[in-house]
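Working through the structure, step by step
This is what each chain is made of:
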Amino acid sequence: MKWIILLYIILNPLFFWVDCDQRNVQQLFYQLSSILVFCAGFYFPQKSLKFDKLNASIATFVIAYILAWLLNMNGWFVAQNVIFGFLVYITIIKVFNKEDIEFVFKGLGYLTAFCVIVLAFQMLGWDFRGTVIIRGLPLTAQESIFFQRSAMGMFFGHSLIALLLFSPISLLLLLPIKASLSTGAFLGVFSGIFFFYWFRKRLFFWIILGCLILSSFFIIRNKSLMNEAKQGFQIRLPLWSIVIQDIVRNPIGHGLDSFANPKDNYYRYYNYFKKGFYASLRLVKKDKILIGKEQFDQYYLEQAATNGGQVEFIDHPHNEYISLAYEIGLQGLIILGFIYYFIWDRFKKSKRNALTCVCTGVLICMAMESLLQFPFHLARVGYLLPIILGFFYISSED
């Protein structure tokens, strides 16, 4: 079974690499491969499934997604992603053992090395898919196999923490994470690193913290990184304030996929700005869909052409927790809070060995990334969640 999971880990991002760069296509491959993993699990010796507090809360979370779909009959594809991820998680905890986890993490290391090599060639000016246009200029994308810098940064962050199980050399992955210019990826990976070393090697914790403080001056002077962070928060903060107001008005949720693909008479969110790519002022506008998506988009584009500036449709609030509350409702956040609590409670009661600390560190990395990104809406990154969660469950068993 360990070979099947390893292929699952390798093929999901590679499928995106071979020109299947549509999100729906990528999610479909994730769903089909998850079904195959679940079915394959029946051909291996299985352990009994414990219906403890953590598993009960995870199952409740899945049920909440199904009910959200039933209430609005919208976003079935999203519900399927959660259901199939749950099936992979169940398969992991019933079939895997701790030795299998180390084997899979080693395979993840080889995949990560391949991704770094692809990124290195891109930095040298060669890309297997040829030249792409970035902001009107012919430049080579520096996004490895992920075709989105933030996704690349998050993947390297997960891999870095997982590979700490074998050697601190994996900290060198901070270099390609820097190339992603993703604030969310940095927040997540340092949270996971500090967690791991706090419980495993306290001296390393203080050394890394000291290095981070000393390097903060150079980080602040890095214009590309700071501009990226500034641009992100100029979009996110006003957007979050508006979305949170909508959550308060409808705390039981707007329905699955309602943020990106709302039904008629629901709201869409647009970002309008005039002062170039790194604008000093950005305004998030919303209006009701009364005349259809394509006509509505065209209306705003014509307004931008008349008045100057640009309009961008925003399909995600770049915060998984706000997205969860908006689509599922506050009850979704409450259930997720219970999941976090039971994960922490299980970790405290475990032996806190290196494998448990690594798996918990990756989960913390994902949780912190979710404050500024949407890793679980990208199949090329989010597919790792049920695997790591299953690995955590196994590693924390007595």
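Our structure's up above, just so we're on the same page.
Okay, so let's go over this structure. (Residues numbered from 1 in each chain as written. Predicted model: local features only at pLDDT ≥ 70, side-chain atom pairs only at ≥ 80, totals over all residues. Heavy atoms only, no water.)

Some words on the pattern of salt bridges
- One pass over the full model with this rule turns up 3 salt bridges.
- The residue Asp 52 makes a salt bridge to Arg 346 at a minimum N-O spacing of 3.6 Å. Placement of the pair is Asp 52 in the loop between α2 (23-40) and α3 (53-72) and Arg 346 in helix α13 (residues 330-349), with a sequence separation of 294 residues.
- You can call Asp 52 partly exposed: its relative accessible area is 23%.
- Judged by relative accessible area, Arg 346 falls into the buried class, the value being 17%. (Salt bridge = Lys/Arg side-chain N within 4 Å of Asp/Glu carboxyl O. Helix = DSSP H or I, 4+ residues; strand = E, 2+ residues; numbered from the N terminus. Buried < 20%, exposed > 50% of the residue type's maximum accessible area, 1.4 Å probe, protein only.)

Considerations on the packing of α3 against helix α4 (residues 76-95)
- Interaxial distance between α3 and α4 falls to 9 Å at its minimum, and their mutual angle equals 160°. As summarised for this structure, α3 and α4 are arranged roughly antiparallel, according to the angle between their axes. The handedness of the crossing between α3 and α4 comes out as left-handed. Across from Leu 54, Asn 55, Ile 58, Ala 59, Val 62, Tyr 65, Ile 66 and Trp 69 in α3, the residues of α4 making contact are Trp 76, Val 78, Ala 79, Val 82, Ile 83, Phe 86, Tyr 89 and Ile 93.
- Of the residues belonging to the contact of α3 with α4, the class tally is 15 nonpolar, 1 polar and no charged. (Axes fitted to C-alpha atoms, helices over the stretch in contact; angles between N-to-C directions. Parallel < 35°, antiparallel > 145°, perpendicular 65-115°, else oblique. Left-handed = near helix turned anticlockwise from the far one by under 90°. Contact = heavy atoms within 4.5 Å. Nonpolar A, V, L, I, M, F, W, Y, C, P; charged D, E, K, R; others polar.)

What about the nonpolar core?
- Counting residues in hydrophobic clusters, the biggest one holds 90 residues, and the most contacted among them are Ile 5, Ile 9, Leu 54, Phe 96, Phe 105, Phe 155 and Phe 391.
- If sequence neighbours within four positions are ignored, Phe 105 has contacts with Ala 162, Leu 163, Leu 165, Phe 166, Leu 355, Val 358, Cys 359, Ile 388 and Phe 391.
- Core analysis: the next-biggest nonpolar cluster, separate from the first, contains 13 residues, Ile 235, Leu 239, Ile 247 and Ile 322 among them. (Core = buried A, V, L, I, M, F, W, Y, C linked by side-chain atoms within 4.5 Å.)

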